[in-house]
Amino acid sequence: MYSRAYSRLTAIPPLTWVTLFLLLPYGFLFCFSFWQVRAQAIVHHWNLNNYRQLLHDPVYFTVLARSVRIAAAVTLFALLLGFPLAYFLSFRAAHRKNLLYQLVIIPLWVSYLVRAYAWKTILGTDGVLNTLLQYAGLSHHPIGFLLYSPFAVILTLTHIYTPFTFLPIYASLEHIPRLLLEAAEDLGASRLRLFWTIIFPLALPGVIAGATFAFVLSLGDFLAPLLIGGPNGIMISNVVVSLFGAAYNWPLGAAISLCMLALVVALISGAERLERRLQYRGM
Amino acid sequence: MAVFVFLYLPILVLIVYSFNGESVGGFPPRGWTWHWYEVLMQDDALWSSISNSMLVAGLAVILAILFGLPAALVLLPLILPGIITGLSLLMLFVTAGLKLSLLTIAIGHGTALISIAVTEISAGLQKFDRAQEEASRDLGASEWRTFWRITLPNLKVSIVAAVLLIFTLSLDEIAVSFFLVGRENTLPLEIWSRLRRGMTPEINAISTLIFGFSLATIVVWYKLRRFSNDEEEKGTGAALFQNGTSDALLER
């Protein structure tokens, strides 16, 4: 073991780095959110105006509500796809397990942008899907709502974040002692009962972890909405991006990000606490 | 099985359409061509953005490993949301009067990806027998010597794995870079600015190449992990997720 002094010494560079480039910037975020823009310049005049504006202007609330709805839908669909997949792999796939596992992971390594763009190729008015439908004679006009809609954002984000829900669910399913299942089977429990009384409760921590990932990540996403969301698919992070860009109101942007940060941190810590409570502690 | 179709369909479309003769999507694909790859080869802006990305990824690896290595010994994994990391660093750099450049992007990536280094390396630390360090100290080796002769060699595989992972993630990172970019673009930002302009089939071509490149890196990474932990069958992804690295991985 290393001595305490040595451990302290090696802790200095990373602590400095984290303080300088993580804590200090968060501090700036906090400070900026109480400042103001006047005549195209940021003035260090401390006040609560940004927060007041967030509360009073319904635009921000509408966009936030929409972002939460989109993120919730993504979470739901990602769970609906991720759970059965994890279940199948863990209990039914047998020797193909490892291969299938890798197959779920590989799309994770394909560039985020590239995958979002691929959906654009598929959904566009001259896209693969529309021309395919017309080619097959199923429709005569291109279907417009496919691209540039909340639907497109939800579809793309679900595609991107399904592996993220799959992984923790799969990990918790793999940790279920197979002896428990055998014992229940020997005692005459049906398949359904086995699932609801053993598998599902034990998979719950994984489900919560997966749902948190999908929700937090899709809530903070601003690239997919910009690329394929259209005006109705704008999310809260897009508002922040525009406030930091053309709209040039960093303080207001900082206030929104700080609220987002608080929401995300609250969510993550709540989920973590819930997971710990539900954790299986052995026989 | 339908889920696999969902996961792979876009990737397949992308690869097929990178060889498509017509510039618009359209089904069925018409005319096999290398044209978009030729366009790609002659595109200087794109290639310089690739070399920029490589530079940033290299720096990010160095920063994250350098600071993550000792940090794994003492610090808890960090959880960072991407857009917030980007924004808050932007405020820091602007307030400090630092000009935005590839260096600021590299600092951003280094900060965002430290947690990858921390989780990979602490996973490595858990696997090796720490009693070896004690033995080394008891036999009179200094701390420095123990680190170089015992700890570091034992962590070799984890460090290489972390390097590959951070490099690949940095190459693809966009949420943090988006805010910290100066005059020179990284590859994802270059792709981004072209995508905003409309359909550009050479993006399909470069994407196919990136897909191939990440696939190759990941295969190497898996081989390494397999080599280091045969007893743990679950694979890296699950292990990563239990450690909570995921968040860094996910923050884009």
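Worth saying up front: this structure is predicted, and the values here are computed from it rather than measured. Residue positions are counted from 1 within each chain, in the order its sequence is given. Here every chain gets a letter starting at A, and every ligand a number starting at 1, in the order they are written. Reporting of local features is limited, given that this is a predicted model, to residues whose pLDDT is at least 70; pairs of side-chain atoms are given and counted only at 80 or more, and all residues count toward the totals for whole chains, interfaces and linings. Remark: hydrogens and water are excluded; side-chain values derive from all non-hydrogen atoms of the structure.

Colleague: Explain the overall build of chain B here, please?
Modeller: Within chain B one finds twelve helices and zero strands. In this text, helices come from DSSP runs of H or I with a minimum length of four residues, and strands from runs of E with a minimum of two, each type numbered from the N-terminal end. Element order for chain B, N to C, with α for helix and β for strand: α-α-α-α-α-α-α-α-α-α-α-α. Burial classes follow relative accessibility: with a 1.4 Å probe on protein chains only, a residue under 20% of its type's maximum area counts as buried, one over 50% as exposed, and anything between as partly exposed. Taking all 252 residues of chain B together, the buried fraction comes to 60%. A contact between two residues is defined here by any heavy atoms of the two lying within 4.5 Å. A separation threshold of at least 6 residues defines the contact pool for chain B, and within that pool the share at least 24 residues apart is 73%. Accessible surface, chain B as shown: approximately 10,500 Å² in total, 65% of it carbon and sulfur. Note on areas: Shrake-Rupley with a 1.4 Å probe; residue coverage comes only from the protein chains shown.

Colleague: For this particular structure, what's the right way to read the overall build of chain A?
Modeller: The secondary structure content of chain A amounts to twelve helices and two strands. Going from N to C terminus, chain A has its helices and strands arranged as α-β-β-α-α-α-α-α-α-α-α-α-α-α. Throughout, the radius of gyration refers to the C-alpha atoms, and the reference size of a globule is 2.2 Å times the residue count to the power 0.38. Here the C-alpha atoms of chain A give a radius of gyration of 24 Å, more than 25% beyond the 19 Å that 2.2 N^0.38 yields for 283 residues. Taken over the C-alpha atoms alone, chain A extends approximately 75 × 75 × 35 Å along its principal axes. Evaluated residue by residue, chain A yields a buried proportion of 54% over its 283 residues. Nonlocal contacts in chain A, meaning residues at least 24 apart in sequence, comprise 68% of its contacts between residues at least 6 apart. Accessible surface for chain A amounts to roughly 13,200 Å². Of this, 68% is attributable to carbon and sulfur atoms. Positive and negative side-chain charges of chain A, numbering 18 and 9 respectively, have mean locations separated by a distance of 8 Å. Charged residues are defined narrowly, with Lys and Arg counted positive, Asp and Glu counted negative, and His plus the chain ends left uncounted. Every charge is mapped onto a representative atom, which is NZ of Lys, CZ of Arg, CG of Asp or CD of Glu.

Colleague: Before we go on, may I ask you to explain the state of the cysteines in this structure?
Modeller: Every disulfide links exactly two cysteines, by a covalent bond between their sulfur atoms. All names here are of chain A. When the sulfur atoms of two cysteines come within 2.5 Å, that pair is taken as a disulfide. Applying the stated rule across the entire model yields zero disulfides over all chains. The closest cysteine sulfur to the non-disulfide-bonded Cys-31 is located on Cys-259, 15 Å from its own sulfur. Under the relative-accessibility criterion, Cys-31 is labelled partly exposed at 23%.

Colleague: Looking at this structure, how should I read a nonpolar patch on the surface?
Modeller: Residues and elements named next belong to chain B. On the surface, a nonpolar cluster with roughly 460 Å² of combined accessible area is contributed by Leu-55, Leu-59, Ile-62, Leu-66 and Leu-103. Top element by residues in the nonpolar patch is helix H3 (residues 44-74). It accounts for four residues. Inspection of the secondary structure assignment puts Leu-66 in helix H3. With relative accessibility at 54%, the residue Leu-66 sits in the exposed group. Only residues whose relative accessible area exceeds 30% and that form no salt bridge enter a patch; like-charged residues are grouped when within 9 Å of one another, and nonpolar side chains (Val, Leu, Ile, Met, Phe, Trp, Tyr) when within 5 Å. Definition used for salt bridges: Asp or Glu carboxyl oxygen within 4 Å of a side-chain nitrogen of Lys or Arg.

Colleague: What should I look at first to understand the packing of aromatic side chains in this one?
Modeller: Each pair of aromatic rings taken from Phe, Tyr and Trp, with Trp reduced to its six-membered ring, is defined by centres within 6.5 Å and is described as stacked if the planes are under 30 degrees apart, edge-to-face if over 60, and tilted in the remaining cases. Enumeration over the complete set of coordinates arrives at 26 aromatic pairs over all chains. Ring centres 5.8 Å apart and planes at 55° place the aromatic pair Phe-222 of chain A and Phe-179 of chain B in the tilted group. Remark: Phe-179 of chain B occurs in helix H8 (residues 175-180) and Phe-222 of chain A occurs in the loop between helix H9 (191-219) and helix H10 (223-229); the pair is interchain, linking two chains. Accessibility expressed as a relative area gives 2% for Phe-222 of chain A, which makes it buried. Connected via pairs of aromatic rings, a cluster forms that spans Phe-28, Phe-30, Phe-32, Phe-34, Trp-35, Trp-46, Tyr-51, Phe-244, Tyr-248 and Trp-250 of chain A.

Colleague: I would appreciate a short explanation of the packing of helix H5 (residues 112-123) of chain A against helix H6 (residues 128-135) of chain A in the present structure.
Modeller: To characterise two packed helices, one gives the angle between the axes of the helices and the distance between these axes. All names here are of chain A. Contact pair H5 / H6: the axes reach a minimum separation of 4 Å and the direction vectors enclose 25°. On the basis of their axis angle, the class for H5 and H6 is roughly parallel. On H6, the residues that touch Thr-121, Ile-122 and Leu-123 of H5 are Val-128, Leu-129 and Asn-130. For helices, the fitted line uses only the C-alpha atoms of the stretch in contact; every axis is such a line through C-alpha atoms, and the angle between N-to-C directions lies from 0 to 180 degrees. By the definition adopted for this analysis, an angle is roughly parallel if under 35 degrees, roughly antiparallel if over 145, roughly perpendicular if from 65 to 115, and oblique otherwise.

Colleague: Teacher, can you tell me more about the environment of Pro-84 of chain A here?
Modeller: Note that Pro-84 of chain A resides in helix H3 (residues 58-92). Spatially, the C-alpha atoms of Pro-84 of chain A and Ile-169 of chain A are 9.7 Å apart, while their sequence positions differ by 85 residues.

Colleague: Before we go on, may I ask you to explain the side chain of Asn-50 of chain A in this structure?
Modeller: Residue and element names in this part refer to chain A. Relative to the helices and strands, Asn-50 resides in helix H2 (residues 49-56). Two N or O atoms count as a polar contact when they lie within 3.5 Å, although within protein this holds only if one can serve as hydrogen donor and the other as acceptor, and sequence-adjacent residues are included solely when both atoms are side-chain atoms. One polar contact links the side chain of Asn-50 to the main-chain carbonyl oxygen of Trp-35, over a distance of 2.8 Å. Ignoring any residue separated from it by four or fewer positions in sequence, one finds Asn-50 in contact with Phe-32, Ser-33, Phe-34, Trp-35, Pro-251, Leu-252 and Ala-255.

Colleague: I tried to follow the confidence of the model for chain A on my own but got confused; where do I start?
Modeller: The predicted structure's coordinates, where accompanied by low pLDDT, should not be read in detail. The predicted model of chain A averages 84 in pLDDT, with 95% of residues at 70 or higher. Per residue, pLDDT measures the predictor's confidence, with a range of 0 to 100. Here H6 of chain A stands out as the least confident element of chain A, with mean pLDDT 76; H3 of chain A is the most confident, with 92.

Colleague: What should I look at first to understand the pattern of salt bridges in this one?
Modeller: Side chains that differ in sign of charge can pair as their charged atoms come close. All names here are of chain A. Counted according to the given criterion, the structure contains four salt bridges over all chains. With a shortest N-O distance of 3.2 Å, Glu-174 and Lys-97 are connected by a salt bridge. In this pair, Glu-174 is assigned in helix H7 (residues 150-174) and Lys-97 in helix H4 (residues 97-105), connecting sequence segments 77 residues apart. Under the relative-accessibility criterion, Lys-97 is labelled partly exposed at 21%. The shortest N-O distance in the salt bridge between Arg-178 and Glu-174 comes to 3.5 Å. Connected via shared salt-bridge partners are Lys-97, Glu-174 and Arg-178.

Colleague: Even after reading the chapter, I still don't get the environment of Gly-124 of chain B, so can you show me in this structure?
Modeller: Residue and element names in this part refer to chain B. Tracing the backbone shows Gly-124 in helix H5 (residues 102-127). Note on Gly-124: relative accessible area 6%, which makes it buried. Separated by 46 residues in the primary sequence, Gly-124 and Ser-170 place their C-alpha atoms 22 Å from one another. Not counting residues within four places of it along the chain, the set of residues in contact with Gly-124 comprises Leu-155 and Ser-158.

Colleague: Sorry if this is basic, but what is going on with the environment of Phe-215 of chain A here?
Modeller: All names here are of chain A. Position of Phe-215 relative to the elements: it lies in helix H9. Judged by its relative accessible area of 16%, Phe-215 is buried. Residues Phe-215 and Val-37, 178 residues apart in the sequence, show an inter-C-alpha distance of 32 Å. Non-local contacts of Phe-215, meaning those with residues more than four positions away in its chain, are made with Val-68, Ala-71, Ala-72, Thr-75 and Leu-267.

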